[in-house]
Amino acid sequence: MKSIAQSIPKSLIYEVVDGQPIYYKGYKDYLNGEKQIEEIMGCSYIQSLIVTALVCLLGTQLDKKYQVLTSEVGLQFKEKRRRAADIAIFEKAELKKVKDPNKYLNIPPKIVIEVDIKAEPEKAMDTLSYFHKKTDELLNNGVEKVIWIFTDSRKVMIAEEAASWQISDWSVDVEIIDSIKVNIEKLIDID
């Protein structure tokens, strides 16, 4: 008899922490036959709008020494630990060190931007614990700044190593990198 974990398609694994899979939010709906895989893995309109607008903004304002990567770029800092990022900003010089472009990156980006939590933490870890653990892991592995954008609460959280985490409303300008600031409310202008 197959265990539940064996019946879950590998494509529904969002991240791996300590060798344990963390599945996409809503994977149980797939197991119950209520949703297709594509419905679980896809982004909402507002999530996609924010990511697209940010990438466009960064593309016009970011120094040419940086490279912006999207589409849940895979990050692997340690064995049995994989994380994904909605948007990651790397120094191009660091990316030249990549030996196999078909694998997850083991080079930390300077900045990670996340829009909402796409993982479904198990009972042992609630959503807030997942959010804190992922942020800490990114910072502890060389990421200089982690920016979380939350669509339900319309808040932005900035976490930097050795600094207090800051939470603000979408209407407040926040710095992404090198004096490039963004105001999410103005950026997407959907109200």
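For the structure itself, look to the data block above.
First things first, this report covers the structure right here in the doc. Please read these numbers as outputs of a predicted model, since none were measured by experiment. (Residues numbered from 1 in each chain as written. Predicted model: local features only at pLDDT ≥ 70, side-chain atom pairs only at ≥ 80, totals over all residues. Heavy atoms only, no water.)

This part covers the overall build of the protein. For the protein, the helix and strand inventory stands at seven helices and 10 strands. In terms of C-alpha radius of gyration, the protein reaches 17 Å, essentially the compact-globule figure of 16 Å for 191 residues. Expressed as lengths along the three principal axes of its C-alpha atoms, the size of the protein is roughly 55 × 45 × 30 Å. Long-range contacts, defined here as pairs at least 24 residues apart, represent 56% of the contacts in the protein between residues at least 6 apart. Carbon and sulfur atoms provide 48% of the accessible area of the protein, an area that totals close to 10,900 Å². For the protein, the separation between the mean place of its 27 positive charges and that of its 31 negative charges on side chains is 5 Å. (Helix = DSSP H or I, 4+ residues; strand = E, 2+ residues; numbered from the N terminus. Rg over C-alpha atoms; globule rule 2.2 N^0.38 Å. Contact = heavy atoms within 4.5 Å. Areas by Shrake-Rupley, 256 points an atom, 1.4 Å probe, with all protein chains shown as cover. Lys, Arg positive; Asp, Glu negative; His and termini not counted. Charge placed at Lys NZ, Arg CZ, Asp CG, Glu CD.)

What follows covers the pairing of strand E1 (residues 13-17). Residues in a regular strand project their side chains so that they alternate between the two faces of the sheet. E1 sits mainly inside the fold: four of its five residues count as buried. Strand direction decides the pairing type here: E1 and strand E2 (residues 20-23), joined by four bridges, are antiparallel. Within E2, the position partnered with valine 16 by the bridge is proline 21. In this antiparallel pair of consecutive strands, E1 and E2, the connection spans two residues, and aspartate 18 shows a positive phi of 55°. (Buried < 20%, exposed > 50% of the residue type's maximum accessible area, 1.4 Å probe, protein only. Pairing = 2+ DSSP bridges.)

A separate point is the nonpolar core. In terms of nonpolar packing, the biggest core is built from 27 residues, with Ile149 and Ile176 touching the most fellow members. With seven residues, the top contributor of residues to this core is helix H4 (residues 45-61). Here isoleucine 149 is in contact with Ile50, Leu54, Ile113, Glu114, Val115, Asp116, Lys155, Val156, Trp170 and Ile184, once residues within four sequence places are set aside. Counting residues in hydrophobic clusters, the runner-up holds 26 residues, among them Tyr24, Val112, Val143 and Met157. (Core = buried A, V, L, I, M, F, W, Y, C linked by side-chain atoms within 4.5 Å.)

Moving on to the packing of aromatic side chains. Any aromatic ring pair is given by two values, namely how distant the centres are and how the planes are angled relative to each other. This model, assessed by the stated rule, comprises four aromatic pairs. With a centroid separation of 5.0 Å and 75° between ring planes, the pair formed by phenylalanine 131 and tryptophan 148 is classed as edge-to-face. Remark: tryptophan 148 occurs in strand E6 (residues 145-150) and phenylalanine 131 occurs in helix H6 (residues 127-140); sequence separation between them is 17 residues. With respect to class, phenylalanine 131 is no different from tryptophan 148; both count as buried. (Phe/Tyr/Trp six-rings, centres within 6.5 Å; stacked < 30°, edge-to-face > 60°.)

Time to look at H4. The α-helix advances 3.6 residues per turn, and as a result positions three or four apart in sequence lie on the same side. Here H4 is 17 residues long and its end C-alpha atoms lie 24 Å apart, about the 24 Å a rise of 1.5 Å per residue gives. Within H4, burial applies to Ile46, Gln47, Ile50, Val51, Ala53, Leu54, Leu57 and Leu58. Angularly, the buried residues of H4 cover 165° about the axis, an arc narrow enough to put them on a single face. Exposed residues lying more than 90 degrees from the buried face of H4 are Tyr45, Cys56, Gly59 and Thr60. (Expected span 1.5 Å × (residues − 1). Arc of directions from axis to C-beta.)

It is worth spelling out unusual backbone geometry at this point. The residue serine 71 is not glycine, and still its phi comes out positive at about 65°. Note on placement: serine 71 falls in strand E3 (residues 66-78). Despite not being glycine, arginine 154 shows a phi value in the positive range, around 55°. Mapped onto the secondary structure, arginine 154 falls in the loop between E6 and strand E7 (155-160).

Counting buried residues along E6, six of its six residues qualify, which places the element largely inside the surrounding structure. Going residue by residue along E6, you find Lys145, Ile147 and Ile149 tucked away on one face and Val146, Trp148 and Phe150 tucked away on the opposite face as well. Sheet analysis places strand E5 (residues 111-115) next to E6, joined by five bridges and oriented parallel. By the bridge assignment for E6, valine 115 is matched with isoleucine 149. Pairing of E6 with E7, which is carried by six bridges, proceeds in the antiparallel orientation. Note that in E7 the partner of lysine 145 across the bridge is glutamate 160. Between the end of E6 and the start of E7, which pair antiparallel, lie four residues, with arginine 154 showing a positive phi angle near 55°.

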